[in-house]
Amino acid sequence: MNKSEHDIQNEIRVAIGAEQSATLFRANVGEAWTGTLAANNLNRVIIEDARRFRSGLPIGFPDLFGFRTIEITPEMIGQKVAVFAFIEVKKPGGRTSKAQEKMHTFLRNAGAVGGVARSAKEAIELLQQI
């Protein structure tokens, strides 16, 4: 059975939670219409002066994002810092877009940990890079 990216994403979220290797959230985006409500019947809504709007995160933003808590340097023993973590979920053979690659480079250059994962095992390994 070929798994969908959604199936793989759910497996990753469960595995990361069980391992407690990070706290990750699903990135949701959407598209809708706004305007003035002209009519609202049982199966039909009419919007005057309708305009489309998009909600969510920038193009190329990873599917899963959050943080990984780490302990740092000897002089700061006991203190913890949250490092931004991200996972781009792809099914086997799936490719990243140019926008995703650009975003991943930006995040890594800023000190984030993560990358592309095609399984829960790969996601855990990516998050253990620090």
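Scroll up a little and you will see the structure.
Residues numbered from 1 in each chain as written. Predicted model: local features only at pLDDT ≥ 70, side-chain atom pairs only at ≥ 80, totals over all residues. Heavy atoms only, no water.

Some thoughts on the nonpolar core
Side chains of nonpolar character tend, in soluble globular proteins, to be buried together.
Okay, so step 1: Of all hydrophobic cores here, the largest spans 19 residues; its most connected members are Ile12, Ile16, Leu24, Ile87 and Leu127.
Okay, so step 2: If you list the elements that add at least two residues to this core, you get helix H1 (5–19), strand S4 (64–71), strand S5 (80–89), strand S6 (113–117) and helix H3 (120–127).
Okay, so step 3: Of the residues forming this core, the biggest block, 5 residues, is contributed by H3.
Okay, so step 4: Setting aside residues up to four positions removed in sequence, leucine 127 forms contacts with Ile16, Ala22, Leu24, Arg68, Ala85, Ile87 and Val113.
Okay, so step 5: Counting residues in hydrophobic clusters, the runner-up holds 6 residues, among them Phe61, Phe86, Met103 and Leu107. (Core = buried A, V, L, I, M, F, W, Y, C linked by side-chain atoms within 4.5 Å. Buried < 20%, exposed > 50% of the residue type's maximum accessible area, 1.4 Å probe, protein only. Helix = DSSP H or I, 4+ residues; strand = E, 2+ residues; numbered from the N terminus. Contact = heavy atoms within 4.5 Å.)

Re the environment of threonine 96
Okay, so step 1: Within the fold, threonine 96 resides in the loop between S5 and helix H2 (98–109).
Okay, so step 2: Residues threonine 96 and asparagine 10 lie 86 residues apart in sequence; the distance between their C-alpha atoms is 19 Å.
Okay, so step 3: When sequence neighbours within four positions are dropped, the list of residues in contact with threonine 96 reads Glu88, Lys90, Glu101, His104 and Val116.
Okay, so step 4: Within the structure, the side chain of threonine 96 is placed 3.0 Å from the side chain of glutamate 101, a separation counted as a polar contact. (Polar contact = N/O pair within 3.5 Å; in protein donor to acceptor, adjacent residues only side chain to side chain.)

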